[in-house]
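Overview (structure and organization)
So the chains spell out like this:
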Amino acid sequence: TMKLNIHFSTYEIKAGDIAVIPPQIMLETLDLDEEAELVTIGLSLDFITEFPLLREWIMNDQIRWQPIIQLKPEEQALQKELVELIQRFYHKEPSANKVEMLRHLILVLIYMLVEVYSAIPVAKRVVKNRTHAIIDAFYALLMEHAIEQRQVGFYAEQLHLTPQYLSTFLKQHTGKSVSQWVD
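The text that follows walks through the structure, step by step, so that each part is easy to find. What you see is a predicted model, and the numbers here were worked out from it, not measured in a lab.

Basis of the calculations
Residues numbered from 1 in each chain as written. Predicted model: local features only at pLDDT ≥ 70, side-chain atom pairs only at ≥ 80, totals over all residues. Heavy atoms only, no water. Axes fitted to C-alpha atoms, helices over the stretch in contact; angles between N-to-C directions. Helix = DSSP H or I, 4+ residues; strand = E, 2+ residues; numbered from the N terminus. Parallel < 35°, antiparallel > 145°, perpendicular 65-115°, else oblique. Left-handed = near helix turned anticlockwise from the far one by under 90°. Contact = heavy atoms within 4.5 Å. Nonpolar A, V, L, I, M, F, W, Y, C, P; charged D, E, K, R; others polar. Core = buried A, V, L, I, M, F, W, Y, C linked by side-chain atoms within 4.5 Å. Buried < 20%, exposed > 50% of the residue type's maximum accessible area, 1.4 Å probe, protein only.

**Considering the packing of helix H4 (residues 73-91) against helix H5 (residues 98-118)**
Direction vectors running N to C along H4 and H5 enclose 160 degrees, while the axes themselves pass 10 Å from each other. Regarding the angle of H4 to H5, the classification is roughly antiparallel. The two elements H4 and H5 cross, and the hand of that crossing is left-handed. For the pair formed by H4 and H5, the contact residues are Glu75, Leu78, Gln79, Leu82, Val83, Leu85, Ile86, Phe89, Tyr90 and His91 on the first element and Lys98, Met101, Leu102, Leu105, Ile106, Val108, Leu109, Met112 and Val116 on the second. For the contact of H4 with H5, a count of residues per class yields 15 nonpolar, two polar and two charged.

Structural data, given as structure tokens:
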């Protein structure tokens, strides 16, 4: 098993679980069993933007607030075979069609995940609350202005909060103050 903070919420990931992490989401490993085996497939923004379905799906709030899913046993077997096939193609000698074949295999995996997410009842979907909204807005501001803006007051003003409240809020919910995030 593994404990992971994904966008400031803690999740326990067990064998067979799949974590879908969209771009610009904060990750922090809290605990990892020595026997844990992780397989990671990273997608470039160029790859994501090339496919409208993928772009819409990956930016969907459902994934952001429910990043961990469990596949059914038959889906787990298919997913495992598919990931092994992707790994073999990735490590194969370069060829004229290698990149295109990898792209299609990854899209098959993504379509499997899209089906799983579409089957999740609306009632089980997590609703974004004010805490997440403030953290998201702060993080977006930080990504855009961190190089030129290093003052707590700037971020607080943009979020319509006092500097003290913002710093206390972030410390309480993320474990880091505004100053620590900016640095």
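Structure shown, so let's carry the discussion forward.
**Here's the deal with the nonpolar core**
Among the nonpolar cores identified, the biggest contains 27 residues, and Val20, Trp57 and Ile69 are the most heavily contacted of them. At the level of secondary structure, the elements contributing two or more residues to this core comprise helix H1 (45-50), helix H2 (52-58), H4 and H5. For this core, the element with the most residues is H5, which contributes eleven residues. Leave out the neighbours within four places in its chain, and Ile69 touches Gly16, Asp17, Ile18, Leu113, Val116, Tyr117 and Ile120. Core analysis: the second largest hydrophobic core is formed by 18 residues, Phe138, Leu142, Tyr155 and Val178 among them.

**Here's the deal with unusual backbone geometry**
Phi is positive for His160, close to 60 degrees, though the residue is something other than glycine. The topology assignment puts His160 in the loop between helix H7 (152-158) and helix H8 (163-174).

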